[in-house]
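# Observations on the three-dimensional arrangement
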Amino acid sequence: DTAVSQTPKYLVTQMGNDKSIKCEQNLGHDTMYWYKQDSKKFLKIMFSYNNKELIINETVPNRFSPKSPDKAHLNLHINSLELGDSAVYFCASSHNTAEAFFGQGTRLTVV
Amino acid sequence: AQSVTQPDIHITVSEGASLELRCNYSYGATPYLFWYVQSPGQGLQLLLKYFSGDTLVQGIKGFEAEFKRSQSSFNLRKPSVHWSDAAEYFCAVGGMEYGNKLVFGAGTILRVKS
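These numbers were taken from a predicted model, which means no experiment stands behind them.

Here we take up the environment of B:Lys78. Residue and element names in this part refer to chain B. Counting through the fold element by element, Lys78 comes out in strand β9 (residues 73–78). Distance from Lys78 to Lys61, taken between C-alpha atoms, is 8.9 Å for residues 17 residues apart in sequence. Non-local contacts of Lys78, meaning those with residues more than four positions away in its chain, are made with Ala17, Ser18, Leu19, Lys61, Gly62, Phe63 and Asp85. Polar contacts involving the side chain of Lys78 include one to the side chain of Asp85, which spans 2.8 Å.

See the structure below:
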């Protein structure tokens, strides 16, 4: 069983569209994250949720809206997609903010 | 600002040779330290971690890392590199002093020549 799974793995869409990426973890962790890896492979935190509550929001445009329906899920919705949003988005989870376990990533390409 | 420095963007080593990847962090009395590996098109896999205790930690795939507080460093080592180790390696720091999130270095791409 995959510990942290995200869907889709690849997403190609046009500018201006709205899209969502889903993430689920079956590790029983209380904290989930979204990280963005840009074209230079630099990884940066976007959001963190602890027990469905938003605890980190790192100066991300409000076109990005995370939603955590329960502890095991953290979805990322992006409105009005822009070319600069093209990146690989990683979901991760951890227990008590210790080491993070990452999903396989979603490669988003905005054309 | 919180930062993690990996000074080597690329490293090339011969198969069977030893490897050391450098990592320095900017501050923190009790940082949590990690090394992750990313193969092309894949997610991030945790190689090893340091929270406290023995400053030499062993990880998976024969990797080890040593925490040196005096140098704010957490260098990754492997005595004999295999071709399958070719990947990108990321050092990360976390813990309360880093806002309970991981701050990553820019990564080091390891190439292995036969």
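Next, the rest of the story.
A few words on the packing of aromatic side chains. Applying the stated criterion across every chain, the model contains 16 aromatic pairs over all chains. Their ring planes at 85° and their centres at 6.3 Å tell us that A:Phe90 and A:Phe102 sit as a pair that is edge-to-face. One end of the pair, A:Phe90, is in strand β9 (residues 87–94); the other, A:Phe102, is in strand β10 (residues 101–102), with twelve residues separating them in the sequence. This pair shows no difference in class: A:Phe90 is buried, exactly as A:Phe102 is. Geometrically, the ring pair formed by B:Tyr36 and B:Phe104 is tilted, given 5.9 Å between the ring centres and 50° between the ring planes. Taken together, the residues span a long stretch of sequence, with B:Tyr36 in strand β5 (residues 32–38) and B:Phe104 in strand β11 (residues 103–104) at a distance of 68 residues. For the pair B:Tyr36 and B:Phe104, a shared accessibility class is recorded, and that class is buried. Linked through ring pairs, A:Tyr33, A:Tyr35, A:Phe90, A:Phe102, B:Tyr32, B:Phe34, B:Tyr36, B:Phe51, B:Phe90 and B:Phe104 together constitute an aromatic cluster.

Residues and elements named next belong to chain B. Among the seven residues in β5, six count as buried, and that is most of the element. In the sheet, β5 pairs with strand β10 (residues 87–94) via seven bridges, with the strands oriented antiparallel. Bridge pairing in β10 places Gln38 opposite Glu88. Judged from the six bridges that link them, β5 and strand β6 (residues 44–50) form a sheet pairing that is antiparallel. Bridge pairing in β6 links Val37 to Gln45. Here β5 hands over to β6 after five residues, with Gly41 in that stretch at a positive phi of 70°.

Next up on the list: the interface of chain B and chain A. Interface size is commonly expressed as the accessible area that is lost once the parts come together. Tallying the contact residues gives 20 residues for chain B and 18 residues for chain A. Summed over both sides, the interface between chain B and chain A buries roughly 1600 Å², with carbon and sulfur atoms accounting for 56% of that surface. Of all residues in chain B, B:Leu44, B:Lys101 and B:Phe104 bury the most surface against chain A, accounting for 30% of the area lost on that side. At the junction of chain B with chain A, the criterion picks out three salt bridges. Between B:Lys49 and A:Glu99 there is a salt bridge, with its nearest N and O atoms 2.8 Å apart. Applying the counting rule to chain B against chain A returns six residue pairs in polar contact (both at pLDDT 80 or more). No other element matches β5(B), which puts four residues into the side of chain B that touches chain A. Within the side of chain B that touches chain A, the residues separate by chemical class into ten nonpolar, seven polar and three charged.

Our focus in this paragraph is the layout of surface pockets. Roughly 250 Å³ of volume is contained in the largest pocket. Contributions of two or more residues to the lining of the largest pocket are made by β9 and β11 (106–110) of chain A together with β10 and β12 (108–113) of chain B. Among the residues making up the lining of the largest pocket, the classes are represented as eight nonpolar, eight polar and four charged. Roughly 200 Å³ of internal volume is contained in the second largest pocket. Only β4 (31–37) and β5 (43–50) of chain A provide two or more residues apiece to the lining of the second largest pocket.

We now examine the sheet that holds strand β1 (residues 4–7) of chain A. Residues and elements named next belong to chain A. With respect to topology, four strands assemble into an open sheet ordered β1-β3-β8-β7, the strand pairing being antiparallel. What marks the edges here is a single partner per strand, and that holds for β1 and β7 (64–70). Strand-to-strand, the axes of this sheet are offset by a mean angle of 20°, without reference to chain direction. In this structure, β1 lies alongside strand β3 (residues 19–25), joined through four bridges in antiparallel fashion. When the bridges of β3 are listed, Gln6 appears paired with Cys23.

Cut-offs applied
- Residues numbered from 1 in each chain as written.
- Chains lettered and ligands numbered in written order.
- Predicted model: local features only at pLDDT ≥ 70, side-chain atom pairs only at ≥ 80, totals over all residues.
- Heavy atoms only, no water.
- Helix = DSSP H or I, 4+ residues; strand = E, 2+ residues; numbered from the N terminus.
- Contact = heavy atoms within 4.5 Å.
- Polar contact = N/O pair within 3.5 Å; in protein donor to acceptor, adjacent residues only side chain to side chain.
- Phe/Tyr/Trp six-rings, centres within 6.5 Å; stacked < 30°, edge-to-face > 60°.
- Buried < 20%, exposed > 50% of the residue type's maximum accessible area, 1.4 Å probe, protein only.
- Pairing = 2+ DSSP bridges.
- Buried area = accessible area lost by both parts, 1.4 Å probe.
- Salt bridge = Lys/Arg side-chain N within 4 Å of Asp/Glu carboxyl O.
- Nonpolar A, V, L, I, M, F, W, Y, C, P; charged D, E, K, R; others polar.
- 1 Å grid on protein atoms, 1.4 Å probe; cavity = no way out; pocket = protein on both sides within 12 Å on 5 of 7 lines; lining within 4 Å.
- Points joined across faces, edges and corners; volume = space filled by probe spheres on them.
- Axes fitted to C-alpha atoms, helices over the stretch in contact; angles between N-to-C directions.

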